[in-house]
Amino acid sequence: MPETAADQGPGERSVVAAVRDAIVRGEFVPNQRLVEADLSAQFAASRASVRSALIELTNEGLVERVQNRGARVRAVSLEEAVEISEVRMMLESLCAAKAAERITDAEIAELRELGEAMRAAVSGGDVVGYSGLNQRLHRRVREIGGQRTAAQVLERLRGQSVRHQFRLAMRPGRPQVSLPEHLAIIDAVCAHHPVEAAEAARVHLQSVIEALREADAAEVSHLR
């Protein structure tokens, strides 16, 4: 039976995080082979820990196994990233609506504080910090909404498209566009307005889709 993150010790979990981070940041590029011996040396980890980490990342959709060739970074095309975002749009809208119905006073205070932290990160030019807060906001809205099945699907989809999302977050001007979209989600959820919360989530994910296409077109144009 395959090992999961819950079964792993601290060593294995740290290797999973290190390899995931390298993929997200583009240090390991799409279709690059991931050789256990090389990873073991790079991250000062045992071969067993590396093997377990690769299994976990395969389950997340970041790595794929190729027969007789071992593991490699899975390439996610623009078309697939857009499809993933379209599915996310439906599920995130559901979660936002449910969160608006269920949110408590303590959770309202938490989301408001998170919104202020996002504002400060954008104002201070902390793009990496803002990206982390962005992920935290989406996760908390899912948790508050209590939609476990949707949350599980969304977490898997996030893993598959996380590299595209990171590249998008690093694009100049993108945080300034997405910040008001995130604040609109917070406002609607905290106001207990399910319809408005669902619409705010939909508008944000539609913006993500458009930005993905624009980023891809700009990259193609730059390569010409």
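No experiment lies behind these values; they were computed from the predicted model shown.

Criteria and cut-off values
- Residues numbered from 1 in each chain as written.
- Predicted model: local features only at pLDDT ≥ 70, side-chain atom pairs only at ≥ 80, totals over all residues.
- Heavy atoms only, no water.
- Helix = DSSP H or I, 4+ residues; strand = E, 2+ residues; numbered from the N terminus.
- Contact = heavy atoms within 4.5 Å.
- Areas by Shrake-Rupley, 256 points an atom, 1.4 Å probe, with all protein chains shown as cover.
- Salt bridge = Lys/Arg side-chain N within 4 Å of Asp/Glu carboxyl O.
- Buried < 20%, exposed > 50% of the residue type's maximum accessible area, 1.4 Å probe, protein only.
- Pairing = 2+ DSSP bridges.
- Axes fitted to C-alpha atoms, helices over the stretch in contact; angles between N-to-C directions.
- pLDDT = per-residue confidence, 0-100.
- Expected span 1.5 Å × (residues − 1).
- Parallel < 35°, antiparallel > 145°, perpendicular 65-115°, else oblique.
- Left-handed = near helix turned anticlockwise from the far one by under 90°.
- Nonpolar A, V, L, I, M, F, W, Y, C, P; charged D, E, K, R; others polar.
- Core = buried A, V, L, I, M, F, W, Y, C linked by side-chain atoms within 4.5 Å.

## Some thoughts on the overall build of the protein
Point 1. Looking only at helices and strands, the protein features nine helices and three strands.
Point 2. Secondary structure elements in the protein, listed N-terminal to C-terminal, are α-β-α-α-β-β-α-α-α-α-α-α.
Point 3. For the protein, the proportion of contacts with a sequence separation of at least 24, taken over those separated by at least 6, is 73%.
Point 4. When the accessible area of the protein is evaluated, it comes to approximately 11600 Å², of which 52% is carbon and sulfur surface.

## Examining the pattern of salt bridges
Point 1. Applying the stated criterion across every chain yields a total of 14 salt bridges.
Point 2. With its nearest N and O atoms 2.7 Å apart, the salt bridge here joins Glu64 to Arg72.
Point 3. Take Glu64: its relative accessible area is 22%, and that puts it in the partly exposed class.
Point 4. On the basis of relative accessibility, which here comes to 27%, the residue Arg72 falls in the partly exposed class.
Point 5. With a shortest N-O distance of 3.1 Å, Arg142 and Glu155 are connected by a salt bridge. Within this pair, whereas Arg142 is found in helix H6 (residues 127-145), its partner Glu155 is found in helix H7 (residues 148-170), the two being separated by 13 residues in sequence.

## A closer look at the pairing of strand E2 (residues 63-66)
Point 1. Relative to strand E3 (residues 70-73), E2 runs antiparallel, the two sharing four bridges. When the sheet's bridge partners are listed, Arg65 is paired in E3 with Ala71.
Point 2. Hairpin connection, E2 to E3: the antiparallel pair is bridged by three residues, and Asn68 has positive phi, about 70°.

## Description of the sheet that holds E2
Either a parallel or an antiparallel arrangement is found when strands of a sheet pair, and the pairing is made through backbone hydrogen bonds.
Point 1. Sheet architecture is open: three strands sit in the order E1-E3-E2, paired in antiparallel fashion. Sheet topology places strand E1 (33-34) and E2 at the edges, where each strand pairs with a single neighbour.
Point 2. In the sheet, E1 pairs with E3 via two bridges, with the strands oriented antiparallel. Among the inter-strand pairings, Leu34 is bridged to a residue of E3, identified as Ala71.
Point 3. Strands in contact with helix H3 (residues 47-60) are E1, E2 and E3; relative to E2, the strand with the most contacts, it is inclined by about 105°.

## Description of the confidence of the model for the protein
Point 1. In this model, the protein carries an average pLDDT of 86, and 90% of its residues clear a pLDDT of 70 or more.
Point 2. Summarising per-element confidence for the protein, the mean pLDDT is lowest in helix H1 (residues 10-24) (76) and highest in helix H5 (residues 105-123) (98).
Point 3. Within the model, the stretch residues 1-10 combines pLDDT values under 50 with 13 contacts to residues more than four positions away or in other chains.

## Observations concerning the side chain of Arg174
Point 1. Take Arg174: it is sitting in helix H8 (residues 174-190).
Point 2. Other than its neighbours up to four places away in sequence, Arg174 contacts Leu168, Glu181, His204, Ser207, Val208 and Ala211.

## Here we look at H8
For an α-helix the count is 3.6 residues per turn, leaving residues at separations of three or four pointing the same way.
Point 1. Its 17 residues place the ends of H8 24 Å apart at the C-alpha level, agreeing with the 24 Å of an ideal helix rising 1.5 Å per residue.
Point 2. Burial within H8 is extensive, with twelve of its 17 residues counted as buried.

## Brief notes about the packing of H6 against H8
Point 1. Packing of H6 against H8 leaves a shortest axis separation of 12 Å and a crossing angle of 25°. Relative to H8, H6 is oriented roughly parallel. Both H6 and H8 take part in a crossing whose hand is left-handed. Judged by residue contacts, Val127, Tyr130, Asn134, Leu137 and His138 of H6 engage Pro175, Ser178, Leu179, His182 and Ile186 from H8.
Point 2. Here the contact of H6 with H8 is composed, by residue class, of six nonpolar, four polar and no charged.

## Overview of H3
Point 1. Taking 1.5 Å of rise per residue, the 14 residues of H3 would be expected to cover 20 Å, and the 20 Å separating its terminal C-alpha atoms lies within 8% of that figure.
Point 2. Every buried residue of H3 is listed here: Ser49, Val50, Ser52, Ala53, Leu54, Glu56, Leu57 and Glu60.
Point 3. The first or second residue beyond H3 is Gly61, which carries a positive phi of 95°.

## A word on the nonpolar core
Point 1. The biggest cluster of nonpolar side chains holds 25 residues, and the ones touching the most others in it are Ile103, Leu111, Leu137 and Val189.
Point 2. If you list the elements that add at least two residues to this core, you get helix H4 (78-102), H5, H6, H8 and helix H9 (194-223).
Point 3. With seven residues, H8 is the single largest residue contributor to this core.
Point 4. Those residues in contact with Leu111 that sit more than four places away from it in its chain are Ile103, Leu137, Arg140, Ile144, Ile186, Val189 and Cys190.
Point 5. Core analysis: the second largest hydrophobic core is formed by 17 residues, Leu34, Ala53, Leu54 and Val63 among them.

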